[in-house]
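# Residue-level structural notes
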Amino acid sequence: GVLAALVTGDQRAIERADWDIFRATGVAHLMSISGLHITMFAWLAARLVRWAWGRSARLCLAVPAQSAALVAGVLLAAAYALFSGWGVPAQRTVTMLATLALLRLAGLRWPWPQVWLLACAAVVLLDPWALLQAGFWLSFVAVGVLFASDGGAADAGAKGVRSHFYALLREQWVVTLALTPLSLVLFGQIALVGLLANLLAIPWVTLLVMPLALAGVLCAPLWQLAAWALQPLLALL
(Lines give C-alpha, C1' and ligand atoms only; values in the text may rest on other atoms or scores of the structure.)
Protein backbone atom coordinates (compact mmCIF):
# COMPACT_ATOMS: atom_id res chain seq x y z
CA GLY A 1 0.00 0.00 0.00
CA VAL A 2 2.80 2.43 0.85
CA LEU A 3 4.58 1.68 -2.42
CA ALA A 4 1.40 2.33 -4.39
CA ALA A 5 1.05 5.67 -2.60
CA LEU A 6 4.68 6.60 -3.27
CA VAL A 7 4.49 5.80 -7.00
CA THR A 8 0.96 6.87 -7.95
CA GLY A 9 -0.23 9.03 -5.05
CA ASP A 10 -3.11 6.62 -4.31
CA GLN A 11 -3.26 6.18 -0.52
CA ARG A 12 -6.31 3.92 -0.37
CA ALA A 13 -4.29 0.71 -0.09
CA ILE A 14 -2.48 1.79 3.08
CA GLU A 15 -3.85 -0.04 6.12
CA ARG A 16 -5.57 1.97 8.84
CA ALA A 17 -3.17 0.59 11.46
CA ASP A 18 -0.22 1.80 9.40
CA TRP A 19 -1.76 5.27 9.10
CA ASP A 20 -2.14 5.39 12.88
CA ILE A 21 1.59 4.66 13.25
CA PHE A 22 2.56 7.25 10.63
CA ARG A 23 0.46 9.95 12.30
CA ALA A 24 1.68 9.09 15.80
CA THR A 25 5.30 9.35 14.67
CA GLY A 26 4.80 12.42 12.47
CA VAL A 27 5.94 10.80 9.21
CA ALA A 28 2.57 10.63 7.41
CA HIS A 29 3.74 13.35 5.02
CA LEU A 30 6.36 10.94 3.63
CA MET A 31 4.00 8.08 2.86
CA SER A 32 2.69 9.45 -0.40
CA ILE A 33 3.98 11.64 -3.18
CA SER A 34 4.98 14.85 -1.44
CA GLY A 35 6.74 18.07 -2.27
CA LEU A 36 9.94 16.58 -0.86
CA HIS A 37 9.80 13.65 -3.27
CA ILE A 38 9.03 15.81 -6.31
CA THR A 39 11.82 18.23 -5.40
CA MET A 40 14.25 15.33 -4.99
CA PHE A 41 13.15 13.93 -8.36
CA ALA A 42 13.65 17.35 -10.00
CA TRP A 43 17.10 17.69 -8.46
CA LEU A 44 18.22 14.25 -9.64
CA ALA A 45 16.77 14.85 -13.12
CA ALA A 46 18.54 18.20 -13.38
CA ARG A 47 21.86 16.68 -12.31
CA LEU A 48 21.57 13.92 -14.92
CA VAL A 49 20.58 16.34 -17.70
CA ARG A 50 23.41 18.70 -16.80
CA TRP A 51 25.91 15.84 -16.93
CA ALA A 52 24.59 14.52 -20.26
CA TRP A 53 24.29 18.02 -21.79
CA GLY A 54 27.85 18.84 -20.80
CA ARG A 55 29.15 15.92 -22.86
CA SER A 56 28.18 17.75 -26.08
CA ALA A 57 30.10 20.89 -27.05
CA ARG A 58 27.47 21.76 -29.68
CA LEU A 59 24.63 21.65 -27.16
CA CYS A 60 26.60 23.70 -24.63
CA LEU A 61 27.30 26.37 -27.26
CA ALA A 62 23.59 26.53 -28.09
CA VAL A 63 22.29 26.50 -24.49
CA PRO A 64 24.38 26.46 -21.29
CA ALA A 65 24.19 23.12 -19.49
CA GLN A 66 23.01 24.76 -16.25
CA SER A 67 20.08 26.46 -17.99
CA ALA A 68 19.10 23.27 -19.82
CA ALA A 69 19.25 21.33 -16.55
CA LEU A 70 16.99 23.86 -14.80
CA VAL A 71 14.35 23.69 -17.53
CA ALA A 72 14.55 19.91 -17.78
CA GLY A 73 14.31 19.48 -14.01
CA VAL A 74 11.10 21.52 -13.84
CA LEU A 75 9.54 19.86 -16.90
CA LEU A 76 10.33 16.34 -15.69
CA ALA A 77 9.05 17.20 -12.21
CA ALA A 78 5.83 18.44 -13.82
CA ALA A 79 5.55 15.21 -15.82
CA TYR A 80 6.05 13.17 -12.64
CA ALA A 81 3.43 15.28 -10.84
CA LEU A 82 0.96 14.67 -13.69
CA PHE A 83 1.70 10.94 -13.55
CA SER A 84 0.96 10.95 -9.83
CA GLY A 85 -2.46 12.52 -10.31
CA TRP A 86 -1.60 16.24 -10.16
CA GLY A 87 -2.68 16.64 -6.55
CA VAL A 88 -2.52 19.97 -4.76
CA PRO A 89 0.86 19.28 -3.06
CA ALA A 90 2.28 18.34 -6.47
CA GLN A 91 0.89 21.48 -8.09
CA ARG A 92 2.29 23.61 -5.29
CA THR A 93 5.75 22.10 -5.57
CA VAL A 94 5.95 22.37 -9.36
CA THR A 95 4.83 26.01 -9.18
CA MET A 96 7.50 26.79 -6.60
CA LEU A 97 10.20 25.03 -8.63
CA ALA A 98 9.14 26.82 -11.83
CA THR A 99 9.17 30.20 -10.06
CA LEU A 100 12.65 29.66 -8.66
CA ALA A 101 13.93 28.36 -12.02
CA LEU A 102 12.57 31.42 -13.86
CA LEU A 103 14.32 33.74 -11.40
CA ARG A 104 17.58 31.86 -11.90
CA LEU A 105 17.26 31.85 -15.69
CA ALA A 106 16.56 35.61 -15.64
CA GLY A 107 19.74 36.14 -13.67
CA LEU A 108 17.87 37.62 -10.71
CA ARG A 109 19.22 37.22 -7.17
CA TRP A 110 16.38 38.32 -4.92
CA PRO A 111 16.47 38.27 -1.11
CA TRP A 112 14.81 35.14 0.24
CA PRO A 113 11.65 36.90 1.55
CA GLN A 114 10.87 38.15 -1.96
CA VAL A 115 11.48 34.72 -3.51
CA TRP A 116 9.32 33.10 -0.84
CA LEU A 117 6.48 35.61 -1.30
CA LEU A 118 6.63 35.29 -5.09
CA ALA A 119 6.31 31.50 -4.85
CA CYS A 120 3.37 31.92 -2.44
CA ALA A 121 1.70 34.40 -4.79
CA ALA A 122 2.18 32.11 -7.80
CA VAL A 123 0.56 29.17 -5.99
CA VAL A 124 -2.38 31.26 -4.75
CA LEU A 125 -2.87 32.78 -8.20
CA LEU A 126 -3.20 29.32 -9.72
CA ASP A 127 -5.27 27.91 -6.85
CA PRO A 128 -6.85 30.49 -4.51
CA TRP A 129 -8.48 27.68 -2.50
CA ALA A 130 -5.00 26.53 -1.44
CA LEU A 131 -5.24 29.10 1.35
CA LEU A 132 -7.84 26.88 3.02
CA GLN A 133 -5.62 23.78 3.00
CA ALA A 134 -3.36 22.77 5.86
CA GLY A 135 -0.69 21.57 3.46
CA PHE A 136 -0.27 25.06 2.02
CA TRP A 137 0.55 26.58 5.41
CA LEU A 138 2.71 23.69 6.54
CA SER A 139 4.73 23.75 3.31
CA PHE A 140 5.33 27.48 3.12
CA VAL A 141 5.95 27.95 6.83
CA ALA A 142 8.53 25.14 6.71
CA VAL A 143 10.26 26.62 3.65
CA GLY A 144 10.17 30.14 5.11
CA VAL A 145 11.63 28.99 8.42
CA LEU A 146 14.44 27.15 6.64
CA PHE A 147 15.21 30.24 4.54
CA ALA A 148 15.18 32.51 7.59
CA SER A 149 17.32 30.22 9.77
CA ASP A 150 19.95 29.42 7.13
CA GLY A 151 23.07 30.74 8.75
CA GLY A 152 25.43 29.38 6.13
CA ALA A 153 24.42 25.77 6.73
CA ALA A 154 24.10 25.31 2.98
CA ASP A 155 27.89 25.60 2.69
CA ALA A 156 28.56 23.05 5.40
CA GLY A 157 28.73 20.20 2.90
CA ALA A 158 32.33 21.04 2.03
CA LYS A 159 33.37 20.12 5.57
CA GLY A 160 32.41 16.48 5.45
CA VAL A 161 29.78 13.96 6.48
CA ARG A 162 29.65 15.17 10.07
CA SER A 163 28.69 18.66 8.92
CA HIS A 164 26.02 17.18 6.66
CA PHE A 165 24.58 15.30 9.64
CA TYR A 166 24.61 18.33 11.92
CA ALA A 167 23.02 20.49 9.22
CA LEU A 168 20.26 17.89 8.72
CA LEU A 169 19.70 17.64 12.48
CA ARG A 170 19.57 21.41 12.83
CA GLU A 171 17.12 21.87 9.95
CA GLN A 172 14.87 19.07 11.18
CA TRP A 173 14.84 20.50 14.68
CA VAL A 174 14.06 24.03 13.44
CA VAL A 175 11.21 22.83 11.20
CA THR A 176 9.75 20.57 13.91
CA LEU A 177 9.83 23.38 16.46
CA ALA A 178 8.24 25.85 14.01
CA LEU A 179 5.49 23.49 12.82
CA THR A 180 4.53 22.10 16.24
CA PRO A 181 2.15 24.94 17.20
CA LEU A 182 0.76 25.03 13.65
CA SER A 183 0.12 21.27 13.72
CA LEU A 184 -1.59 21.65 17.09
CA VAL A 185 -3.91 24.32 15.66
CA LEU A 186 -4.64 22.50 12.39
CA PHE A 187 -4.85 18.88 13.58
CA GLY A 188 -5.29 19.07 17.34
CA GLN A 189 -2.28 16.83 17.96
CA ILE A 190 1.51 16.72 17.77
CA ALA A 191 3.99 13.84 17.46
CA LEU A 192 6.34 13.87 20.45
CA VAL A 193 8.79 11.57 18.65
CA GLY A 194 8.42 13.41 15.34
CA LEU A 195 11.95 14.87 15.36
CA LEU A 196 13.67 11.52 15.83
CA ALA A 197 11.29 9.66 13.52
CA ASN A 198 11.67 12.16 10.67
CA LEU A 199 15.43 12.34 11.09
CA LEU A 200 15.48 8.62 10.30
CA ALA A 201 12.52 8.33 7.93
CA ILE A 202 13.18 11.27 5.59
CA PRO A 203 16.53 10.01 4.20
CA TRP A 204 15.37 6.38 4.38
CA VAL A 205 12.26 6.95 2.28
CA THR A 206 13.64 9.66 -0.01
CA LEU A 207 17.04 8.14 -0.81
CA LEU A 208 16.31 4.40 -0.60
CA VAL A 209 12.65 3.40 -0.81
CA MET A 210 11.44 6.09 -3.23
CA PRO A 211 14.09 5.51 -5.95
CA LEU A 212 13.48 1.75 -5.84
CA ALA A 213 9.71 2.26 -6.04
CA LEU A 214 10.03 4.57 -9.05
CA ALA A 215 12.53 2.28 -10.78
CA GLY A 216 10.00 -0.52 -10.34
CA VAL A 217 7.89 1.17 -13.03
CA LEU A 218 10.60 0.11 -15.51
CA CYS A 219 11.73 -3.09 -13.76
CA ALA A 220 8.96 -4.70 -11.68
CA PRO A 221 11.24 -6.89 -9.46
CA LEU A 222 12.62 -3.70 -7.89
CA TRP A 223 9.25 -3.24 -6.19
CA GLN A 224 10.07 -6.28 -4.07
CA LEU A 225 13.38 -4.68 -3.09
CA ALA A 226 11.52 -1.49 -2.20
CA ALA A 227 9.12 -3.49 -0.01
CA TRP A 228 12.02 -5.19 1.76
CA ALA A 229 13.71 -1.80 2.29
CA LEU A 230 10.50 -0.46 3.84
CA GLN A 231 10.06 -3.26 6.39
CA PRO A 232 12.88 -2.27 8.81
CA LEU A 233 11.62 1.33 8.86
CA LEU A 234 8.06 0.21 9.65
CA ALA A 235 9.36 -2.00 12.46
CA LEU A 236 11.39 0.86 13.96
CA LEU A 237 8.48 3.27 13.75
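For the structure given in this document, a descriptive report is provided here. (Residues numbered from 1 in each chain as written. Predicted model: local features only at pLDDT ≥ 70, side-chain atom pairs only at ≥ 80, totals over all residues. Heavy atoms only, no water.)

Moving on, we get to the overall build of the protein. Tallying secondary structure elements over the protein gives 11 helices and 0 strands in all. Put simply, the protein runs from its N terminus to its C terminus through helices and strands in the order α-α-α-α-α-α-α-α-α-α-α. Taken over C-alpha atoms, the radius of gyration comes to 18 Å for the protein, in line with the 18 Å a tight globule of 237 residues would show. For the protein, the C-alpha atoms occupy an extent of roughly 55 × 45 × 40 Å along the three principal directions. Relative to its 237 residues, the protein shows a buried fraction of 34%. Across the protein, contacts joining residues at least 24 apart in sequence account for 62% of those joining residues at least 6 apart. Carbon and sulfur atoms make up 70% of the accessible area of the protein, which totals about 13800 Å². Averaging the locations of the 13 positively and 8 negatively charged side chains of the protein gives two centres separated by 14 Å. (Helix = DSSP H or I, 4+ residues; strand = E, 2+ residues; numbered from the N terminus. Rg over C-alpha atoms; globule rule 2.2 N^0.38 Å. Buried < 20%, exposed > 50% of the residue type's maximum accessible area, 1.4 Å probe, protein only. Contact = heavy atoms within 4.5 Å. Areas by Shrake-Rupley, 256 points an atom, 1.4 Å probe, with all protein chains shown as cover. Lys, Arg positive; Asp, Glu negative; His and termini not counted. Charge placed at Lys NZ, Arg CZ, Asp CG, Glu CD.)

Take the packing of aromatic side chains next. Applying the stated criterion to the full structure yields 5 aromatic pairs. A centroid spacing of 5.1 Å and a plane angle of 85 degrees characterise the contact between phenylalanine 136 and tryptophan 137, whose relative ring orientation is edge-to-face. An aromatic cluster of three or more residues is present, and its members are Phe136, Trp137 and Phe140. (Phe/Tyr/Trp six-rings, centres within 6.5 Å; stacked < 30°, edge-to-face > 60°.)

Note on placement: aspartate 127 falls in the loop between α7 (112–126) and α8 (134–148). If near-sequence neighbours (up to four positions away) are discounted, aspartate 127 is found in contact with Val88 and Gln133.

On to a nonpolar patch on the surface, then. A cluster of nonpolar side chains, namely Leu131, Trp137, Val185, Leu186 and Phe187, defines an oily patch on the protein surface of about 490 Å² accessible area. Inspection of the secondary structure puts leucine 131 in the loop between α7 and α8. (Patch = residues over 30% accessible without salt bridge, like charges linked within 9 Å, V, L, I, M, F, W, Y side chains within 5 Å. Salt bridge = Lys/Arg side-chain N within 4 Å of Asp/Glu carboxyl O.)

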